[in-house]
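# Results of the structural survey
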Amino acid sequence: MSVPTAKEVSFRESVNLSCDLAMATLDIPEGMAKYIRNVNNVYQVRFPVKIKGKVETFIGWRAVHSDHKLPVKGGIRFASNVSQDEVEALATLMSYKCALVDVPFGGSKGGLLIDPRNYERDEMERITRRFAFELIQKDYIGSATNVPAPDMGTGQREMAWIVSTYAAHRSNDINHMACVTGKPVSMGGIRGRVEATGRGVVCGLREFFRHPEDVKLANMEGNSIKGKKVIIQGLGNVGYHTASILQREDDAKIIAILEWDGALIDHKGLDVEDIYKYKCDNKGSVKGYSKAKYIKDSNSVLEMECDILIPAAMEAVINQSNAAKIQAKLIGEAANGPVTFAAEAILQEKGVVIIPDSYLNAGGVTVSYFEWIKNLSHIRFGRMNKRWEEGQNQLLIQAIEKTGSKVPQDLVEKLSQGADEVALVRSGLDDTMRKAFQDIHECYWSNEKINNYRIAAMAIAIKKIHTSYATMGIYP
Ligand code: GLU
């Protein structure tokens, strides 16, 4: 199928145009296709909060794209440029993401128009609690209906305020902890959730490198990430964990890190931990870091030669204006919507391979699913079986040693550890990411109507969503 040459369109249109391309490869009745494509409902709310003695009005949204499975799932974004259109596009992506990785949720997303940097901690708490209350009142938060999570501008702190607000208003809901994910562990969160999106990105890249045809498609060689030159755009939660794991566990060479106030470059490889610490101690700025070359115009660094470019911050950073100049061989979309529809056509023409957001950043919602299950089952993963497994493994070591063989000490230590929560979370995440890439790989290489991974990922997801709707029928 030929890629249409396109003019730059909005994020929402970008998502829908890709969806149309995916729909065209499937045999779904027109009416159903239209229904699946569109957002089911969106709630807009304005609410007042008294800030420093004056009443301020805030505006927020929670959109539900698809409720073919319940609850619906997706983060809440706090940003000074968020809009209903963006929230709807992100909710749409959530539906595809969940379906693709077999996380049994529909797709949703929330947004609050605010610049959190302009408010004190206490003010943020009152604003967040009031927004949560508005959503709870309309059943846009609840363990069985709609389960938010962190996104840009929100994190564990906001999720703690949301669950506490929910518990106050729904005190007889025994599953109140499951009304939101990404909570602190002390409030029902799960170990491994904070790093989950970044770790998922790395699991996805590892799986890509296990497939020689795909590596060749991206004009690369080798079967691992080791030594690959990587550029990371955005050192927030997702970018930091992606970069840190790539460096620590995979020996990737992080040659550039791009931030809002400049980029740091070192062709021999940057020290991710050191830069992140510097940024945290320096009010979020990388400017002034002395152990790497600093370039003020960070966007220009996107065009630097590298193997893998990982946009991990915001939408549309790779667009019509810079797509032709991108020199990366592979783009891994850790953020949602970083490559516009028009840019994708240009990149495809150049032979640049894109691993799409709907797959690559699905690690966050995958581990959110584990957290939701943990909350519904009211028990930490590993609590029942960890010591039992350790005992069994001890017996195994004893049995082997009774035969006269000696088990090496490092193996004894590894075998002596039963799986705890974080080990199980990482195992579940890795399995999920491997399986989903294998599905994309299979769909891409076996279907000549599909010419990139994004369309393959969407086609797989849409097919599953359609099956759900078709099986349940239309009510009444
Ligand atoms: N905000 C994240 C995303 O875009 C996580 C969503 C979730 O965990 O529900 O995928």
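Residues numbered from 1 in each chain as written. Predicted model: local features only at pLDDT ≥ 70, side-chain atom pairs only at ≥ 80, totals over all residues. Heavy atoms only, no water.

A word on the overall build of the chain. Within the chain, the secondary structure is distributed over 17 helices and 12 strands. By the compact-globule yardstick of 23 Å for 476 residues, the chain fits well, its C-alpha radius of gyration being 23 Å. Principal-axis analysis of the C-alpha atoms places the extent of the chain at approximately 75 × 55 × 55 Å. Across the 476 residues of the chain, 56% fall into the buried class. In the chain, the proportion of contacts linking residues at least 24 apart, taken out of those at least 6 apart, comes to 70%. Looking at the chain as shown, the accessible area adds up to about 20800 Å², and 52% of this sits on carbon and sulfur atoms. Computed over 60 positive and 58 negative side-chain charges, the inter-centroid distance for the chain is 4 Å. (Helix = DSSP H or I, 4+ residues; strand = E, 2+ residues; numbered from the N terminus. Rg over C-alpha atoms; globule rule 2.2 N^0.38 Å. Buried < 20%, exposed > 50% of the residue type's maximum accessible area, 1.4 Å probe, protein only. Contact = heavy atoms within 4.5 Å. Areas by Shrake-Rupley, 256 points an atom, 1.4 Å probe, with all protein chains shown as cover. Lys, Arg positive; Asp, Glu negative; His and termini not counted. Charge placed at Lys NZ, Arg CZ, Asp CG, Glu CD.)

A few words now on the pattern of salt bridges. Under the definition given, this model contains 39 salt bridges. Among the salt bridges present, the one from Lys-277 reaches Asp-281, with a minimum N-O distance of 2.9 Å. Residue Lys-277 and its partner Asp-281 are both found in helix α9 (residues 272-281); the two are separated by 4 residues, about one turn of the helix. Taken individually, Lys-277 and Asp-281 each receive the classification exposed, so the pair is uniform in this respect. It is possible to trace a salt-bridge network through shared partners that takes in Glu-195, Arg-199, Arg-206, Arg-248, Glu-249, Asp-250, Glu-273 and Arg-426. (Salt bridge = Lys/Arg side-chain N within 4 Å of Asp/Glu carboxyl O.)

Right, let's talk about unusual backbone geometry for a bit. Along the chain, Leu-70 connects to Pro-71 via a cis peptide bond; the corresponding omega equals 5°. Here Pro-71 lies in the loop between β2 (54-66) and β3 (72-79). One non-glycine residue, Lys-283, adopts positive backbone phi at about 50°. Structurally, the position occupied by Lys-283 is in the loop between α9 and β9 (293-295). For Lys-283, a relative accessible area of 81% translates into the label exposed.

Looking at the element boundaries, Thr-403 is found in the loop between α14 (386-402) and α15 (409-415). Judged by its relative accessible area of 60%, Thr-403 falls in the exposed class. Sequence separation between Thr-403 and Val-82 is 321 residues, and the spatial gap between their C-alpha atoms is 66 Å.

Applying the stated criterion to the full structure yields 3 cavities of 30 Å³ or more. When its volume is computed, the largest cavity comes out at roughly 150 Å³. Those elements that provide at least two residues to the lining of the largest cavity are α1 (11-24), α11 (341-350) and α17 (453-472). Among the elements that take part in the lining of the largest cavity, α1 stands out by supplying 4 residues, more than any other. Considering only residue class, the lining of the largest cavity consists of 8 nonpolar, 5 polar and 5 charged. (1 Å grid on protein atoms, 1.4 Å probe; cavity = no way out; pocket = protein on both sides within 12 Å on 5 of 7 lines; lining within 4 Å. Points joined across faces, edges and corners; volume = space filled by probe spheres on them. Nonpolar A, V, L, I, M, F, W, Y, C, P; charged D, E, K, R; others polar.)

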